[in-house]
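# Observations on the three-dimensional arrangement
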Amino acid sequence: MARTVRVLLNGREALGYPGQTILSLCSECGIEIPTLCHDPHLSVHGGCSLCLVEVKGARTLIRACVTEITPGMEIRTDTERVRLARRTDLELLLSDHVGDCRPPCTLTCPARGDVQGYVNLAAQGRYAEALAALHENVTLPASIGRVCPAPCEEVCRRNFVDEEPVSIREIKRFVGDWCLNNGGLGEIPRIEENGKSVGVVGGGPAGLSAGYFLRRLGYAVTLYEKEQHLGGMMRYGIPDYRLPPAVLEREIAWLVKHGINVKRNTALGRDISLDALRERHNAVLLALGCWRSLPLRVPGEDLPGVLKGIEFLYDVNAGRFPKIGPRVAVIGGGNTAMDACRCARRLGANEVTVVYRRSRAEMPAQPIEIEEAMEEGVQFIFLAAPKSIEGTGKVERLICERMELGEPDASGRRQPVPTGKSFVLEVDTVIVAVGQAPDLSALPVEIRGERGPKVDEHYATPLPGVFACGDFRTGPDIAIRAIGEGHWAALSIHRYLTTGAPRRPYECDVVQRDLGPADFADREKQPREHPKVLAPSRRLKAPFTEFNLGLSEEQVLRDASRCMECGCPDLHECRLRRYAVEYEASPDRYAGAHVSRVEEANPFYVRNMDKCILCGRCVRACDEIAGFHAIDFVKRGFEGSIAAEYLRPIEDSECTGCGMCVQLCPVGALVEVRVQRRMHSAPLHQVPTHCGECPVGCDLLLEVEPPSGRIVRVSTDLDLARSVSFGNACARGRLAPLASGENRLTAPQLRSRGGTRPVRWERLLDEVSSTVREASTTGKVAILAAPDLANEDYQALRQFVSATAGALVSVAAGPSPAPLATLLRDRWRTRSATFGEVREADVLLLIDARLETDQPVLASWIRLAMRRSGTRILAIGGELGRLAKGDALQFAVPPERYAETLSALQDALQGVNSSPELERAAALLKEAKRLVALVGSSVATDDRTAQGVIALLEAVGQKKILPLYRETNLPSALELPLTPWEEVLASVRNGETTTLVAVGVDPLDVGATEDDLRLLRRLVLFHHRRTGSLPLAHAAAPLAWWPEREGTFRNLVGDILTWRPAVPPPGDAKPASWVLTGLTRRLGGSVPATA
Amino acid sequence: MATTTVRVGLASCGIASGATLVFERLRSLLSGRDDVKLHKVGCVGLCFREPLVEVEKDEARYLYGEVTPEIAEAILAFHLQGEGDVGERLVFSSAGAAPENTMLAKQVRIVLRNCGQIDPERIEEYIARGGYQALARALQMTPDQIIQEVQASGLRGRGGAGFPTGLKWKFTRAAPGDVKYVVCNADEGDPGAFMDRSVLEGDPHSVLEGMIICAWAVGACEGTIYCRAEYPLAVRRLGVAIEQARAAGYLGKDILGTGFSFDIRVKEGAGAFVCGEETALLASIEGRRGMPRPRPPFPAQKGLWGKPTVINNVETFANVPWILTHGAAAFSQHGIGQSRGTKVFALAGKVRKGGLVEVPMGMTLREIVEGIGGGVGEGHTIKAVQMGGPSGGCIPLALLDTPVDYESITATGAIMGSGGMVVLDDTSCMVDVARFFLHFTQGESCGKCPFCRVGTKRMLEILERICRGEGTMEDLARLEELSVHVKDGSLCGLGQTAPNPVLTTLRYFRHEYEAHIRDKRCPAKVCTALIRYRIDPAKCIGCTLCVRQCPVGAISGERRQAHTIRDEACVRCGQCIGVCPVQAISVE
């Protein structure tokens, strides 16, 4: 068709086809129109309202997905009206979308650490991957894992179950330590330089993080640090017994190794000016921290012996232990005060008293810090405010006033009110730790604010290109907030340097706030693991040595598995969230009522209707692609939902679990039954391959989670041209790969006296080959092969057999319709019908077909054809299942009567000896224009059946037959020189066969008994799973399974299809061809050059 | 001998007020008399005075209202024997003064020409008044000539949107395809609207005739009347009419020997308001879920079963035979501007004379409400007229001189709609009115698009907050913002018009919203959370009537002592005010 329709699209001319929708034209022109309900593979719905565009002359906004372009149409996709409408639409959807996007732990973390991600990787023992997940947001994890007050743990929903959270901080620390001790913090990636440079002032957590994230984006980063060492407050403010400097230094070194240029001993205002920095860099980030101690404002503050809290800690951390007397008063109730009083104890003061204006409940310090200080002998005087410090020439006493608690102030804490009563504290040293502020002296006036620098929410100061973040911006706060600030400031700088406007990333998360212990009543209680901590007396003996020894690996594995994975499993796939971020939609703007819909799970997937946006994709996917009609809309309006017919359980519906609805659901309302301990931190990557579960060989996409390397989802490519399966798949294909890790054999093993022991492959192959060599001289060797191996495996098997001279080969398969295939070839000189012909047929003759269990995708296609084009069914024997609908004709006869029924049909065609039923069947056959016969395996048991089918089809002048078998690669297996398995089994029983090599199949599963196997001198088992005869096997070794290997196989219609490895095989598992070739080599046989 | 004709209005409204008993009494009284003919007829429109009985004698007509079987007997006695006097029940008279003469005189009856005049179950009576002559004439014309005539008349769709009917027919005729359909939208869903029902119950053949003419004009072979199942009488009378029309050769194969074939069936709807939307209606006829789909394609291109389809409402079709009989010019002489002919309204609310009226387009709202409807009750003033059903808007008193035509009404923010006209007076709270109508449309949303499904819900939540006195000024801003988006982004007419009551009340009565929000006060004293009932102890005589009436026992007091109301128990039902003999109870 010619492009003849000229329209004006966002002010520019565009040419489209007649009948083309605005959406399609826009996508051709590179304009992305958001949509949730539209999918090119489904009929048009027009519901989600996200694709709205403005068309000149139209009264309302126009849906781009359905509206066809007309000549002269003026379309705008970028106006404020359009953007606001889309945003409102998203906000309305979000207001009725209930659940959690990201889990509460992540959302509470000021740096948005992917807690669920790294905790679950840790639970799998994948510490290196967990560290990589941490490094996406949390720099310095081993250090943070020691000092963080862990706000994430306060909101952990494990609190609802065990009253104790997951040990998130300790897990983080363990992950960091483990990597520091086992090969380092990860490889430094190659960074593509972007040619721009950023100066970062301040080498604390904020500056270091900003530098790291800027480096990852390709900026040249110079870090200016006023001290000798990097680390800022973490280095000079936190005492060593809480954070050993070695840990911090190693973590910092790794960050710096990303190519950060560090200038030490360089202070802003002293060694370098802001103007010079602006001159030198494209942008400057000020992360100077909060180093100015606030004064107490009482008389006597200047007496010798009065120390400033943060300066005291600085000296301690710098190794210049300040002189203090034996009696020390520390004034203040924050973390600095706690560090100060504990350091004072460690420096030898034996009477250390903390004086605090309010009561313990109002103290800003972490409860654990207060507790530990008390354990270490620090005294606390609450509700006391210093009035003056007295002494002659030096501090001698502190005069305090008793306070009582009054009304809450702006911070929500109860205000201390003086009572007028005083008391005296005899002291030698006073440490004032009543607050800190940033030092603004180096800033030009235009960015100097009252309490800190002038800076907006995007970290930008009024000076173009000058940014500020961290404690410098926020005032004194916890380290993880500074790390987050550094990250967001880096991204804002990136936006500024790429688009001209600073902007921190927009976050949009739906949060479920109404959960409580009752919602988790069904969860098993699992107590929290606690780290080993040195006793207080021992702490003071080694004063600056770390006293928290952390969790052991066993503890980490246990505790990490307590994570309940609160975040949405579709976080990265959810299109609602993606658009919500893009349009900066607020989930709360239109907050309101929600009609709760039950979360329901079936064996295949989880339906969480609380997240359903009623886009109807699932309904259409089921109806239009899967061929069934298991679900539909129910109820109306705000109460509308999706459910199976008559609101019955999904199990009672037409649902086959094919997963097409799940694949097309744009949000997390429909998700696959979850893989244990699913990751959360990264989008998936897709590996195209073919399904090995049945001989159809559907095209599948195995979706792999990069950090864990596991298959977590199976989908299909609906756009794949020449797809074997036209984008369809079945429940088996969708679910089997998810279970690929279960019950696997992972290492070769040999049995000797006293049990089995793992061995190397070489040893096993040596052993097996000598067994086979020896056995072929004394008795017979038999090989039992699975019918679902790759062609390469059978090729290798053939060579192995010739190397063994005289081994019996058997294939573990049911009866095969091979005679029919032979008849087709010999009599009609034709190959079997194609899948396309099956889908296009107007009448299908099913003989002995059990499609729903044996080749489920065919059932799907046929049901679709029945509903769409009125395809008719005539069945003899077999199981019709969901195909037994409407006017399907069925002759429910056992296999031995197939031939008889076929000949009765022949008679009916001639009009003799007919019954009404046969007459209708005959009429159907006569009317058929595109008849295809699908013939199952049982025809092989009776020769006349195959003959009968051929004759019947000849009688109606049709020649399309598809023989159905169940085993994935049966025809290739049958090309081996075979001995029937019954004969092999007999020769085992009569002692003739003394050695059996089973490849990919367990003899116990195909009729052998344990007693049979005990008769053998040697049983060799190659299998991917730990199967029943494993305890009896003398030698056993793991095979790679189809999702893990390369190989070809022949499917039902004779296509040669290729398996591609999506994930590595577990442990030492190898493809059967590799194993067999290895054996053949050892037996002196010939092997293909490529092997 | 001159015969006397007695007609009893037996549409749903008449039946509901007891007309069946009247008819039965008359039938037994008149049995055996062949000089008096007794007829069941449809609705005359004077609903406020049902049951109605009309006597036609000596070329003069006398209409009586609020007739009981006893009064009916008296009417017969008066007219047949000249005994007694029934003058106080006289409503209308063609021979002398009667209270509602002017009310009817101001109306022009084209659509309702036969309603109340003929027995709808007797095709002969329809034919006797010129019925099916238009069809006969039309079949002599070419389809194009008919379409031209309809276009020339200026008839526009009476369902609400006002699309030119002739143009719609022209598009359908021009659409390629051998199979085309005619669909009559009789899914009158606006609460309080009964224009279409009255026509279907009182004059079904006029609709059939209009459809058959349309079918000939556009080349359709089959027609469907989609009628809501809540109109059982209409469905039954349509069935009778279709049978009779078939038997008489007006419907079915080879109509009037011209070789043209067309048949009509009735499809009963299951009561979803949204099925009045044409694409949802078509889906419903096809047996699918009644959800609208985006247009284009319009039904004229792809309608029922994907074929070109004309879909008009009852009133539109009922106009067609009249136009073909009297000519386009006769039709278009009524009306102004782009709005020609007449429009039927269901006049309701605080108006004195509620009922069905048919007026020429262009008559002002004031003439309708005050001239025909008699204004509002003693001591009250009109506050607004709500037009266009639940998705219409409120037109304030200041705009009461607005002529009723599509463009002028739209300019006020209301819509013509299908003919609902609710008069509001000073006792109506405009926030509550908006909440009431939105509650209806929100409940009827099909749920397909988020703007309507969630948006109207959120709007309603805000309105409910405001009515409870919990609203904020931010709520008001959000409500307005949301209204605009819902109107702009909704998929179908339901959502696109649902914000109208909110937007028009915000436009004309914003002070009432602000009073609810800022002063926590409902100026009309309607919103129960913001009012209190109080007994004036000085006035109360302690009669205990209110104590006994109160359904929740919130009033206490000894006999002959002043009573008091416990506010926390009071549910603000207002029953106490109704029974108080001394007006001691007031609302604050």
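Residues numbered from 1 in each chain as written. Chains lettered and ligands numbered in written order. Predicted model: local features only at pLDDT ≥ 70, side-chain atom pairs only at ≥ 80, totals over all residues. Heavy atoms only, no water.

## Overview of the overall build of chain B
Of the regular secondary structure elements, chain B holds 23 helices and 20 strands. Relative to its length of 588 residues, chain B is compact, with a C-alpha radius of gyration of 26 Å against a globular reference of 25 Å. With the C-alpha coordinates aligned to their principal axes, the bounding extent of chain B is approximately 85 × 65 × 40 Å. Burial status across chain B gives 60% buried among its 588 residues. Taking the intrachain contacts of chain B between residues at least 6 apart in sequence as the baseline, contacts between residues at least 24 apart amount to 69%. (Helix = DSSP H or I, 4+ residues; strand = E, 2+ residues; numbered from the N terminus. Rg over C-alpha atoms; globule rule 2.2 N^0.38 Å. Buried < 20%, exposed > 50% of the residue type's maximum accessible area, 1.4 Å probe, protein only. Contact = heavy atoms within 4.5 Å.)

## Here's the deal with the nonpolar core
Within the largest apolar cluster, 75 residues are counted, with the highest numbers of intra-cluster contacts made by Met234(A) and Ile480(A). Ranked by residues supplied to this core, first place goes to helix α18 (residues 479-499) of chain A with 9 residues. With near-sequence residues (within four places) excluded, Ile480(A) lies in contact with Cys109(A), Pro110(A), Ala111(A), Val138(A), Ile144(A) and Cys148(A). Within the second largest apolar cluster, 67 residues are counted, among which are Leu94(A), Ala630(A), Ile650(A) and Leu281(B). (Core = buried A, V, L, I, M, F, W, Y, C linked by side-chain atoms within 4.5 Å.)

## What to know about the sheet that holds strand β16 (residues 397-408) of chain A
All names here are of chain A. Taken together, the 3 strands give an open sheet; going across it, the order is β15-β16-β17, and neighbouring strands pair in antiparallel fashion. The open sheet has two edge strands with one neighbour each: β15 (384-390) and β17 (414-426). Across the sheet, the axes of successive neighbouring strands diverge by a mean angle of 20°, strand direction being ignored. (Pairing = 2+ DSSP bridges. Axes fitted to C-alpha atoms, helices over the stretch in contact; angles between N-to-C directions.)

## Some points on the pattern of salt bridges
Within the structure shown, the criterion is met by 115 salt bridges over all chains. Of the charged contacts in the structure, one is a salt bridge between Arg87(A) and Glu91(A), with a shortest N-O distance of 3.6 Å. Separated by 4 residues within a single helix, Arg87(A) and Glu91(A) lie in helix α2 (residues 80-95), roughly one turn from each other. The class for Glu91(A) is buried, based on a relative accessible area of 1%. A salt bridge links Arg366(B) to Asp401(B); the nearest nitrogen and oxygen atoms lie 2.8 Å apart. A residue pair is termed long-range when its members are at least 10 positions apart, and Arg366(B) in helix α15 (residues 365-372) and Asp401(B) in the loop between β15 (393-396) and α16 (406-412) qualify at 35 residues. The partly exposed category is assigned to Arg366(B), whose relative accessible area is 27%. Overall, the relative accessible area of 48% leaves Asp401(B) in the partly exposed class. It is possible to trace a salt-bridge network through shared partners that takes in Arg242(A), Asp339(A), Arg342(A), Arg346(A), Glu369(A), Glu372(A), Glu375(A), Glu376(A) and Arg539(A). (Salt bridge = Lys/Arg side-chain N within 4 Å of Asp/Glu carboxyl O.)

## What about the packing of aromatic side chains?
Where two aromatic rings form a pair, the distance of their centres and the angle of their planes describe that pair. One pass over the full model with this rule turns up 25 aromatic pairs over all chains. Their ring planes at 40° and their centres at 6.5 Å tell us that Phe163(B) and Phe171(B) sit as a pair that is tilted. A relative accessible area of 36% places Phe163(B) in the partly exposed class. Pairwise contacts between aromatic rings join Tyr241(A), Phe321(A), Phe544(A) and Phe547(A) into one cluster. One Lys or Arg, Arg235(A), reaches over the ring of Tyr236(A) and ends 5.1 Å from the middle of that ring. Looking at Lys343(B), its charged tip hangs above the ring of Phe345(B), at a distance of 5.6 Å from the centre. (Phe/Tyr/Trp six-rings, centres within 6.5 Å; stacked < 30°, edge-to-face > 60°. Lys NZ or Arg CZ within 6 Å of the ring centre and 35° of its normal.)

## Concerning unusual backbone geometry
With the exception of glycine, most residues fall at negative phi, and the peptide bonds are largely trans. Cis geometry marks the peptide bond from Arg295(B) to Pro296(B), where omega comes out at -5°. Tracing the chain through its elements places Pro296(B) in the loop between α12 (278-285) and β9 (309-313). For Lys635(A), which is not glycine, the phi dihedral falls at a positive 55°.

## A word on the interface of chain A and chain B
At the interface, 33 residues of chain A touch 31 residues of chain B. With both sides pooled, the region where chain A packs onto chain B buries about 2700 Å², and carbon together with sulfur makes up 55% of that total. The largest per-residue losses of area from chain A upon contact with chain B belong to Tyr590(A), Arg636(A) and Phe638(A), which jointly make up 24% of the total buried on that side. On the surface where chain A and chain B come into contact, there are 2 salt bridges. Measuring nitrogen to oxygen at the nearest pair gives 2.7 Å for the salt bridge that ties Arg81(A) to Asp488(B). The tally of links from chain A across to chain B stands at 15 residue pairs in polar contact (both at pLDDT 80 or more). At the level of elements, α2 and β23 (631-634) of chain A are the ones that each hand at least two residues to the side of chain A that touches chain B. It is α2(A) that contributes the most residues to the side of chain A that touches chain B, 8 residues altogether. The residue makeup of the side of chain A that touches chain B, split by class, is 16 nonpolar, 9 polar and 8 charged. (Buried area = accessible area lost by both parts, 1.4 Å probe. Polar contact = N/O pair within 3.5 Å; in protein donor to acceptor, adjacent residues only side chain to side chain. Nonpolar A, V, L, I, M, F, W, Y, C, P; charged D, E, K, R; others polar.)

## Focus: the domain arrangement of chain B
How big an interface is tends to be expressed through the accessible area that disappears when the partners come together. Residue and element names in this part refer to chain B. For chain B, the domain assignment lists domain 1 (4-105), domain 2 (123-331), domain 3 (336-425), domain 4 (430-518) and domain 5 (532-587). Computed from C-alpha coordinates alone, the two centres of domain 2 and domain 3 are separated by 26 Å. Three residues, Arg 156, Arg 158 and Met 195, lead the burial of domain 2 against domain 3; their summed loss comes to 38% of the area buried on that side. The interface formed by domain 2 and domain 3 contains 9 residue pairs in polar contact (both at pLDDT 80 or more). Listing elements by their share of the side of domain 2 that touches domain 3, those giving two or more residues are α9 (195-202) and α13 (314-326). Per-class residue counts for the side of domain 2 that touches domain 3 are 6 nonpolar, 9 polar and 4 charged. (Domains from an automatic or database assignment.)

## Focus: the sheet that holds strand β33 (residues 843-847) of chain A
All names here are of chain A. The 5 strands are arranged β35-β34-β33-β36-β37 in an open sheet whose pairing can be described as parallel. The open sheet has two edge strands, β35 (889-891) and β37 (961-963), and neither has a second partner. When strand polarity is set aside, the average angle formed by the axes of neighbouring strands in this sheet is 15°. Across the sheet, helix α27 (residues 818-828) is in contact with β36 (931-935) and β37; its angle to β37 comes to roughly 145°.

## Thoughts on the packing of α27(A) against helix α33 (residues 943-955) of chain A
In a pair of packed helices, the angle between the axes and the distance between the axes together describe the arrangement. All names here are of chain A. Put simply, α27 and α33 touch, their axes get as near as 10 Å, and they point 45° apart. Our classification of the angle between α27 and α33 gives oblique. Judged by the twist between their axes, the crossing of α27 over α33 is right-handed. Note on element contacts: α33 touches α27 through Ala 946, Gln 947, Ile 950, Leu 953 and Glu 954, opposite Leu 820, Leu 823, Leu 824, Arg 827 and Trp 828. For the contact of α27 with α33, the per-class residue count stands at 7 nonpolar, 1 polar and 2 charged. (Parallel < 35°, antiparallel > 145°, perpendicular 65-115°, else oblique. Left-handed = near helix turned anticlockwise from the far one by under 90°.)

## Regarding the pairing of strand β16 (residues 420-425) of chain B
All names here are of chain B. Summarising burial for β16: 5 of the 6 residues are buried, a large majority. For strand β12 (residues 342-349) and β16, the ladder comprises 4 bridges, and the chain directions are parallel. Bridge pairing links Ala 346 to Gly 420 in β16.

## Remarks on helix α15 (residues 335-346) of chain A
Residues and elements named next belong to chain A. Over its 12 residues, α15 extends 16 Å from the first C-alpha to the last, a length consistent with the 16 Å expected when each residue adds 1.5 Å. The buried fraction of α15 amounts to 11 of the 12 residues, a majority that puts the element mostly inside the structure. Listed as buried for α15 are Thr 336, Ala 337, Met 338, Asp 339, Ala 340, Cys 341, Arg 342, Cys 343, Ala 344, Arg 345 and Arg 346. Looking at the residues trailing α15, positive phi occurs at Gly 348, about 110°. (Expected span 1.5 Å × (residues − 1).)

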